[in-house]
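If you want the building blocks of each chain, they are given just below.
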Number of protein chains: 2
Amino acid sequence: VTAGIASPLNWEGGIDGYLSLLDQTELPGRETWLAIRDVASLCGAIHRLSVRGAPAIGIAGAFGIVIAAQHAAAHGEQVFEQRVASDAQRIGATRPTAVNLQWAVDRMMAALRRGRPDSPESAISLLLKEAQSIHHEEIASCESIARFGEPLIKEGSGVLTHCNAGPLATGGMGTALAPLLLAHGRGRRFRVYADETRPLLQGARITMWELLRAGMDATLLCDGAAASLMAEGKIQLVIVGADRIARNGDVANKIGTMSVALLARAFGIPFYVAAPFSTVDLQTPAGRDIPIEHRDPQEVAKFGGFATAPANCKVYSPAFDVTPGHLIAGLITERGIVCPVTEGGLAQVGAASPP
Amino acid sequence: VTAGIASPLNWEGGIDGYLSLLDQTELPGRETWLAIRDVASLCGAIHRLSVRGAPAIGIAGAFGIVIAAQHAAAHGEQVFEQRVASDAQRIGATRPTAVNLQWAVDRMMAALRRGRPDSPESAISLLLKEAQSIHHEEIASCESIARFGEPLIKEGSGVLTHCNAGPLATGGMGTALAPLLLAHGRGRRFRVYADETRPLLQGARITMWELLRAGMDATLLCDGAAASLMAEGKIQLVIVGADRIARNGDVANKIGTMSVALLARAFGIPFYVAAPFSTVDLQTPAGRDIPIEHRDPQEVAKFGGFATAPANCKVYSPAFDVTPGHLIAGLITERGIVCPVTEGGLAQVGAASPP
């Protein structure tokens with residue numbers, strides 16, 4: 001159902017291999033693949049959004065620990081774990097909002113401590129296996145999200161999404177786009193509308209690319225046009241992804257998401273979030289506790305080197321906003337749909353065994 | 001108070017003169033002035049938004065009738081009025097949503113019919129006088145709007161605006177920006193936030209340029225970040241301009257305006273519209289009757305020649321949306337603040353004599 005969309009990140013080779021990353025900043029113009037062989041390159045790729053999407057940066061972070069271990073091995077057993085731990089901290093801090101990155105790094109380090117490998121080589125081997133497990137589990141989660149969400153997509157309806165939560169954001173079928181891809185694969189006919197998602201245009205550049213590659217009926221709009229589209233009765237459902245879900249159900253996602261949620265509420269349109277449980281952070285009580293990354297003003301004030309605003313003007317550029325759980329009709333996870341999106345609702349579905 | 005911002009359009013010379021237009025598509029990079037000497041150039045400049053903003057295109061349209069008359073004069077008295085009328089129709093149809101263009105063209109043609117000039121030369125002279133009257137009246141309207149709106153701007157507050165309704169949109173002090181410029185000129189301290197306003201970035205390119213030139217505390221944001229800014233408590237007031245106001249108080253303005261109005265409502269922030277009565281169209285009963293211009297998809301899918309979306313993708317790109325009157329706290333006009341923004345409210349203030 002992913003219609004030939006390659007996974008945006010793959011481990012090439014064995015314990016002396018490397019991470020191959022699709023440079024998503026070049027889409028849709030060019031398909032450039034980066035060979036990531038050191039931690040600095042990985043952090044750079046995550047920071048400039050060559051790889052983005054909460055599940056995908058989690059997977060990239062996991063493989064980053066393997067790369068850290070490859071380099072640490074060259075410095076001998078005495079400092080091996082210390083060096084890996086130091087790189088783990090560096091990788092985890094690259095982007096603060098999406099919890100999957102820290103979650104994946106923590107899981108890798110826990111596996112290392114639990115496995116008690118007897119040499120750097122066996123440590124790398126153990127870490128590679130764990131990273132591949134994370135990758136495979138995220139792929140499986142996407143497929144489950146697709147199955148739980150697919151019945152929400154009605155024949156002849158219009159579905160709006162914001163930013164990109166498709167295959168390129170996850171390494172699998174995607175989160176928000178997974179139910180759409182499955183419904184399309186099953187022959188349902190419906191329209192998808194993609195907010196372009198300023199400032200970095202992931203909706204225009206990546207979501208539209210994915211939807212058109214999958215042969216779907218897709219239309220692009222500026223973020224400011226969503227209200228008008230809703231007022232015309234063209235939208236029956238909104239689905240977006242998530243970068244971190246607090247314990248109380250508040251959802252951090254790409255800037256502009258809260259705006260879409262409030263508009264959907266105003267027009268009586270159900271607003272769903274799709275995300276694996278790896279995006280739920282029980283350590284964060286509420287949305288106000290989620291650290292919000294602020295991006296470089298130049299991402300707003302310039303485009304392709306061309307100034308779109310006066311030089312050195314002040315810019316407000318949070319990368320994410322927080323949608324309160326009460327605006328969310330349901331949270332589509334790999335274990336079922338959480339509804340209501342509250343601490344109780346999350347605990348109930350989260351406690352259920354995986355399907 | 002306009003801090004050295006030149007009028008974006010000026011008539012140069014007498015009856016054989018021309019219209020000098022600041023090419024706003026080149027801002028903020030370059031200040032290029034166009035010398036408009038024929039109707040085709042004028043229509044092109046309006047269509048590609050070299051001159052934009054409802055009051056400014058009204059003024060440009062009025063001077064366009066003078067230019068039409070200059071050319072018609074060369075064809076003799078028999079066909080003079082017919083040729084001017086034909087060009088008037090062409091000018092009026094250049095952009096369908098802003099009513100000021102048609103209003104100005106109609107007023108020019110009415111002046112021509114009423115004046116019964118005895119030669120093409122005296123017709124041109126009469127028309128030039130009428131166009132200059134329109135220009136001067138719009139400047140005076142902006143000053144009145146500034147005075148009525150200025151008390152709304154509170155010390156230490158944050159004010160959000162969308163698109164551009166400043167000096168460059170009007171030929172005067174602006175509509176939405178006029179109260180801000182006056183309050184700033186009177187020493188009040190407050191923050192202004194400007195939505196960048198996709199697709200053509202009038203907020204980033206023009207509003208920010210005007211605010212910074214006036215020495216104001218201005219911050220740029222992507223349209224999708226407005227909800228987040230409101231949630232942080234940074235916004236106490238929203239003021240925008242208008243392209244057409246229907247008889248029942250519904251307001252057509254730049255795409256994204258309705259979104260801001262709905263967000264303001266959700267956060268309990270007063271949302272004001274500032275516009276001269278020339279923007280009120282009593283012939284249009286309600287918002288649904290306002291014709292909405294749809295723009296070239298390439299304005300969204302490309303930026304400075306660089307593709308921001310897959311080639312030939314479908315794009316939904318209305319230039320305007322319609323904010324229902326009930327979402328508007330007040331309409332700031334040259335005759336006072338209309339509140340509630342309803343047919344009755346408009347009739348009451350509209351009937352009052354100008355200040």
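In case you missed it, the structure is sitting above this.
Residues numbered from 1 in each chain as written. Chains lettered and ligands numbered in written order. Predicted model: local features only at pLDDT ≥ 70, side-chain atom pairs only at ≥ 80, totals over all residues. Heavy atoms only, no water.

*Asks:* Help me out: how do you make sense of the overall build of chain A in this one?
*Replies:* Scanning chain A from N- to C-terminus turns up twelve helices and 17 strands. Here chain A has a C-alpha radius of gyration of 20 Å; the compact-globule value for 355 residues is 20 Å, and the two agree. Along the longest, intermediate and shortest principal axes, the C-alpha atoms of chain A span 65 × 55 × 40 Å. Taken across its 355 residues, chain A has 62% of its residues classed as buried. Relative to all contacts within chain A whose residues are 6 or more apart in sequence, the contacts with residues 24 or more apart total 75%. Seen as two clouds, the 31 positive and the 34 negative side-chain charges of chain A have centres 3 Å apart. (Helix = DSSP H or I, 4+ residues; strand = E, 2+ residues; numbered from the N terminus. Rg over C-alpha atoms; globule rule 2.2 N^0.38 Å. Buried < 20%, exposed > 50% of the residue type's maximum accessible area, 1.4 Å probe, protein only. Contact = heavy atoms within 4.5 Å. Lys, Arg positive; Asp, Glu negative; His and termini not counted. Charge placed at Lys NZ, Arg CZ, Asp CG, Glu CD.)

*Asks:* Help me understand the sheet that holds strand S15 (residues 320–323) of chain A in this model?
*Replies:* Two orientations exist for strands paired in a sheet by backbone hydrogen bonds: parallel and antiparallel. Residue and element names in this part refer to chain A. Here we have four strands laid out as an open sheet, ordered S11-S8-S9-S15, and mixed in their pairing. Looking along the sheet, the strands with just one partner apiece sit at the ends: strand S11 (280–281) and S15. Judged from the two bridges that link them, strand S8 (residues 244–246) and S11 form a sheet pairing that is parallel. If you follow Ala246 over to S11, its bridge partner there is Asp281. (Pairing = 2+ DSSP bridges.)

*Asks:* Explanation requested: the nonpolar core in the structure shown.
*Replies:* The nonpolar side chains of a soluble globular protein tend to be buried with one another. One finds Ile239 of chain A together with Ile239 of chain B to be the most contacted residues of the largest nonpolar core, which totals 74 residues. If we ignore the near neighbours within four places in the chain, the residues touching Ile239 of chain A are Ile153, Val159, Leu160, Thr161, His162, Ala176, Tyr272, Ala274 and Ile332 of chain A. Core analysis: the next-biggest nonpolar cluster, separate from the first, contains 70 residues, Tyr193, Leu229 and Met258 of chain A together with Val238 of chain B among them. (Core = buried A, V, L, I, M, F, W, Y, C linked by side-chain atoms within 4.5 Å.)

*Asks:* When you look at the relation of the copies chain A and chain B in this model, what are you seeing that I'm missing?
*Replies:* In summary, the two copies of the chain are related to each other by a rotation about an axis coupled with a shift along it. Aligned on chain B, chain A shows an RMSD of 0.0 Å; the corresponding rotation is 180° and the shift along the axis is 0.0 Å. Look at the turn and shift together and you get a two-fold axis relating the two. Interface residue correspondence from chain A to chain B reaches 100%, placing this contact among same-surface, isologous pairings. (Least-squares fit on C-alpha atoms with pLDDT ≥ 70 in both.)

*Asks:* Would you take a moment to explain the interface of chain A and chain B for this structure?
*Replies:* Bring the parts together and some accessible area is lost; that lost area is often taken as the interface size. Listed by partner, the interface residues are 44 residues for chain A and 45 residues for chain B. Carbon and sulfur atoms make up 72% of the surface buried where chain A meets chain B, a total of about 3700 Å² over both sides. One can count four salt bridges joining chain A with chain B. In this structure, the salt-bridge partner of Arg198 of chain B is Glu196 of chain A, at a minimum N-O distance of 2.6 Å. Where chain A packs against chain B, one counts 18 residue pairs in polar contact (both at pLDDT 80 or more). Among the secondary structure elements, those contributing two or more residues to the side of chain A that touches chain B are helix H8 (202–213), strand S6 (217–221), helix H9 (226–231), helix H10 (257–267), strand S13 (306–307) and strand S14 (314–316) of chain A. Top contributing element to the side of chain A that touches chain B by residue count: H10 of chain A, with six residues. Looking at the side of chain A that touches chain B residue by residue, the classes come out as 31 nonpolar, six polar and seven charged. (Buried area = accessible area lost by both parts, 1.4 Å probe. Salt bridge = Lys/Arg side-chain N within 4 Å of Asp/Glu carboxyl O. Polar contact = N/O pair within 3.5 Å; in protein donor to acceptor, adjacent residues only side chain to side chain. Nonpolar A, V, L, I, M, F, W, Y, C, P; charged D, E, K, R; others polar.)

*Asks:* Explain the sheet that holds strand S15 (residues 320–323) of chain B to me, please; I cannot follow it from the model alone.
*Replies:* All names here are of chain B. Taken in spatial order, the four strands line up as S11-S8-S9-S15 in an open sheet, and their pairing is mixed. Two strands close off the open sheet at either side, each with one partner strand: strand S11 (280–281) and S15. Two elements, strand S8 (residues 244–246) and strand S9 (residues 251–254), share two bridges in a ladder whose sense is antiparallel. Bridged to Ile245 within S9 is Val251. Relative to the sheet, helix H10 (residues 257–266) contacts S9 and S15, its axis offset from that of S15 by approximately 35°. (Axes fitted to C-alpha atoms, helices over the stretch in contact; angles between N-to-C directions.)

*Asks:* Sorry, what's going on with the pairing of strand S4 (residues 158–161) of chain B here?
*Replies:* Looking down a regular strand, the side chains alternate between one sheet face and the other. Residues and elements named next belong to chain B. Taking every second residue as pointing to the same face, both faces of S4 are buried, with Gly158 and Leu160 on one and Val159 and Thr161 on the other. Here S4 runs beside strand S5 (residues 191–195); their pairing, made up of four bridges, is parallel. Residue pairing for S5: Leu160 is matched across the bridge by Tyr193. Judged from the two bridges that link them, S4 and strand S7 (residues 237–240) form a sheet pairing that is parallel. Within S7, the residue paired with Val159 across the bridge is Leu237.

Worth remembering: the numbers are spatial, not functional.
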